Amino acid sequence: MPAPDWLPQQISTEISRRTELPTAPAAPPTVLDPAGAVADLRTIRVAPAAPAGEPAPRPRRGARAAVAAGAVALLAGAGGACYLLDPGADEGGDYTAVHTGTELTSPDHTYEFDLTAGSVVPQSTATWYVGRTTDEFFVPEDSDAYIAPAGSRPTLADCVKGIDSRPDTALPFTTHGPGRAFCVRARTSRDVAVVRVLSTGTDDGPVKVSVDFYRHDNG
């Protein structure tokens, strides 16, 4: 568009220059999807930015991990030693070590070992015990026993497995002398005792053993 003749020369020149500048291209039309509709953007989510100076939020740990951490803390703070056996075993579960390495000496066959209390008492006094004659040990009728291999020190898990798979009914001094160990488990309470023979006497002499007692926590 030519500038009017009545304007000053400087202004007329500027108007003419601007008129000749190229115009900005028009915005392209909206691109539609093949179905002819504009794409729906409502499913796009943008995480909010963290406030200045603060790190972005981290994903929360699962509830299962939190429960496991709490269980570990409880076990660590609980008094006494707690043992977990394989849950797949018939007698799996929790056991608490009530006393371990308790050395006891029976003067003669008229005394027996009280497994629960870890003491020596007159015969027919204890509820759960290991008794002895002049040449063998014996356990209550409602208990099972297992003789560990010579030279071994059976663990709680060894005792449970051995009693389940190879129970023994006789515990003679001749095959179960010093250095051998045997296990006893009560059928009702499922408590377990590990008895290590330290010495056996001649005739009706003293017999010395070491006893570990594990209480089964029935819940």
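Residues numbered from 1 in each chain as written. Predicted model: local features only at pLDDT ≥ 70, side-chain atom pairs only at ≥ 80, totals over all residues. Heavy atoms only, no water.

Asker: So, unusual backbone geometry: which residues are in play, and what are the values?
Answerer: The phi torsion at serine 124 lies on the positive side, around 70°, for a residue other than glycine. Here serine 124 is to be found in the loop between strand 4 (119–122) and strand 5 (129–132). Relative accessible area serves as the criterion here: at 69%, serine 124 is assigned to the exposed category. Even without being glycine, arginine 190 reaches a positive phi, approximately 70°. Judged by relative accessible area, which is 17%, arginine 190 ranks as buried. (Helix = DSSP H or I, 4+ residues; strand = E, 2+ residues; numbered from the N terminus. Buried < 20%, exposed > 50% of the residue type's maximum accessible area, 1.4 Å probe, protein only.)

Asker: Can you break down the state of the cysteines residue by residue, with the values?
Answerer: In this structure the tally under the stated criterion is one disulfide. The disulfide bridge from cysteine 159 ends at cysteine 183, spanning 2.0 Å between sulfur atoms. Between cysteine 159 and cysteine 183, the S-S torsion sits near -60°, and that sign places the bridge as left-handed. Of the two residues, cysteine 159 sits in helix 3 (residues 156–165) while cysteine 183 sits in strand 9 (residues 181–186), which places them 24 residues apart along the sequence. (Disulfide = S-S within 2.5 Å.)

Asker: Outline the side chain of arginine 196, supporting the account with residue identities and numerical values.
Answerer: One can find arginine 196 in strand 10 (residues 192–199). Classification of arginine 196 as buried rests on a relative accessible area of 12%. Among the polar contacts made by the side chain of arginine 196, one reaches the side chain of aspartate 212 at a distance of 2.8 Å. Not counting residues within four places of it along the chain, the set of residues in contact with arginine 196 comprises Arg153, Pro154, Arg180, Ala181, Lys208, Val209, Ser210 and Asp212. (Polar contact = N/O pair within 3.5 Å; in protein donor to acceptor, adjacent residues only side chain to side chain. Contact = heavy atoms within 4.5 Å.)

Asker: Describe in detail the sheet that holds strand 4, supporting the description with residues and values.
Answerer: Across the sheet, which stays open at both edges, the five strands sit in the order 4-3-5-6-8 with antiparallel pairing between neighbours. Every other strand in the sheet has two partners, leaving strand 4 and strand 8 (171–172) as the edge strands with one partner each. Inspection of the sheet shows strand 3 (residues 111–114) paired to strand 5 by two bridges, in the antiparallel sense. In the strand pairing of strand 5, phenylalanine 113 is matched with valine 130. (Pairing = 2+ DSSP bridges.)

Asker: Please set out the packing of aromatic side chains residue by residue, giving values where relevant.
Answerer: A complete count under the given rule lists four aromatic pairs for this structure. Between phenylalanine 137 and phenylalanine 173, the ring centres sit 4.9 Å apart and the planes meet at 65°, which makes this aromatic pair edge-to-face. Note that phenylalanine 137 is positioned in strand 6 (residues 136–138) and phenylalanine 173 in the loop between strand 8 and strand 9, a separation of 36 residues in sequence. Taken as a pair, phenylalanine 137 and phenylalanine 173 share a single burial class, namely buried. Through a chain of ring-to-ring contacts, three or more aromatic side chains come together here, namely Phe137, Phe173 and Phe182. (Phe/Tyr/Trp six-rings, centres within 6.5 Å; stacked < 30°, edge-to-face > 60°.)

Asker: Pulling in residues and values, what's your account of the environment of alanine 186?
Answerer: Mapped onto the elements of the fold, alanine 186 is located in strand 9. Given a relative accessible area of 8%, alanine 186 falls into the buried group. Residues alanine 186 and aspartate 142, 44 residues apart in the sequence, show an inter-C-alpha distance of 6.3 Å. The contact partners of alanine 186, leaving out residues within four places of it in the chain, are Trp128, Asp142, Ser143 and Asp191.

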